[in-house]
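Structural features, examined
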Amino acid sequence: MNRLFGITVSTGSRHIKRSLFASNTIKPIAKSQIRSMSSGVAADRIKDTEPSVWVEFIQLAQDYKPLNLGQGFPDFAAPQHVCKALSDATLSQDVLLNQYTRGFGHLRLVNALSKLYSKLVGREINAQKEVLVTVGAYEALFCAFMGLVNPGDEVIIIEPFYDCYEPMTVMAG
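Residues numbered from 1 in each chain as written. Predicted model: local features only at pLDDT ≥ 70, side-chain atom pairs only at ≥ 80, totals over all residues. Heavy atoms only, no water.

Going by an unreviewed UniProt entry, the protein carries the name kynurenine--oxoglutarate transaminase and comes from Oppiella nova. Recorded in UniProt for the protein, the comment headed Pathway (unreviewed entry) runs: "Amino-acid degradation; L-kynurenine degradation; kynurenate from L-kynurenine: step 1/2." Among the UniProt annotations of the protein, the heading Catalytic activity (unreviewed entry) holds the following wording: "an S-substituted L-cysteine + H2O = a thiol + pyruvate + NH4(+)". (UniProt positions renumbered as here; feature names shortened; annotations may be inferred.)

Following this line, the structure appears as structure tokens:
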């Protein structure tokens, strides 16, 4: 029995089927049915969004090689014990060491965070429903904007503000 996988992108009333994959065959659909992601046309909701100031800073940093204190790029290698732990995990025969964690954060981590912050805020925090672990502040902000701002909501951004607040607000509607 073949397992069939498909990727469908839904944009309002349009459904764009990207391709179908069976476990032993690949059956792409006709190119005429696929809207090109490389066409350079941004979604209407972000077409007027200006590039982040960091785009300019990154280019300047590449050109002039200054000490970059703004983005946290390390100028040193990871400690040897971290490299060894990564190597051991990726080369292990234990396939569970090479799996994605749950999307909201590893259970041990969210439980530890819940326990810590429950004490700090003086109320019980539900680790399964009230804790979200992200890969950084930018993703955390994006999740907050997308999860809490509805189209038509008023969002007040107090200056000075981080340059991602405005485009995230626009994307949220």
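Back to the write-up after that little detour.
**Thoughts on the side chain of serine 118**
Locating serine 118 in the fold gives a position in helix H3 (residues 107–121). Side-chain polar atoms of serine 118 contact the backbone nitrogen of isoleucine 125, separated by 2.8 Å. Aside from chain neighbours lying at most four places away, what touches serine 118 is Arg123, Glu124 and Ile125. (Helix = DSSP H or I, 4+ residues; strand = E, 2+ residues; numbered from the N terminus. Polar contact = N/O pair within 3.5 Å; in protein donor to acceptor, adjacent residues only side chain to side chain. Contact = heavy atoms within 4.5 Å.)

**A few points about unusual backbone geometry**
The step from glutamate 159 to proline 160 runs through a cis peptide bond, and the omega angle for that step is -5°. Even without being glycine, lysine 65 reaches a positive phi, approximately 55°. Mapped onto the fold, lysine 65 is located in the loop between helix H1 (53–64) and helix H2 (80–91). For lysine 65, a relative accessible area of 64% puts it in the exposed group. (Buried < 20%, exposed > 50% of the residue type's maximum accessible area, 1.4 Å probe, protein only.)

**So, a nonpolar patch on the surface**
Together, Val53, Phe57, Leu60 and Tyr64 make up an exposed nonpolar region whose accessible area comes to about 410 Å². Note that valine 53 resides in helix H1. Residue classification places valine 53 among the partly exposed positions, given a relative accessible area of 37%. (Patch = residues over 30% accessible without salt bridge, like charges linked within 9 Å, V, L, I, M, F, W, Y side chains within 5 Å. Areas by Shrake-Rupley, 256 points an atom, 1.4 Å probe, with all protein chains shown as cover. Salt bridge = Lys/Arg side-chain N within 4 Å of Asp/Glu carboxyl O.)

**Overview of the packing of aromatic side chains**
Per the counting criterion, the structure on display carries three aromatic pairs. The interplanar angle of 20° and the centroid separation of 6.4 Å between the aromatic rings of phenylalanine 161 and tyrosine 165 together place this pair among those described as stacked. Linked through ring pairs, Phe145, Phe161, Tyr162 and Tyr165 together constitute an aromatic cluster. (Phe/Tyr/Trp six-rings, centres within 6.5 Å; stacked < 30°, edge-to-face > 60°.)

**Details of the nonpolar core**
If you look at the biggest cluster of nonpolar residues, it comprises five residues: Phe145, Val149, Cys164, Met168 and Ala172. Those residues in contact with valine 149 that sit more than four places away from it in its chain are Ala144, Val155 and Ala172. (Core = buried A, V, L, I, M, F, W, Y, C linked by side-chain atoms within 4.5 Å.)

**What to know about the packing of helix H4 (residues 137–148) against helix H5 (residues 165–172)**
The interhelical angle for the contact between H4 and H5, taken along N-to-C directions, is 35°, at an axis separation of 9 Å. Here H4 runs over H5; the crossing is right-handed. Of the residues in H5, those in contact with Tyr138, Leu141, Phe142, Phe145 and Met146 of H4 are Tyr165, Met168, Thr169, Met171 and Ala172. Partitioning the contact of H4 with H5 into residue classes produces nine nonpolar, one polar and no charged. (Axes fitted to C-alpha atoms, helices over the stretch in contact; angles between N-to-C directions. Left-handed = near helix turned anticlockwise from the far one by under 90°. Nonpolar A, V, L, I, M, F, W, Y, C, P; charged D, E, K, R; others polar.)

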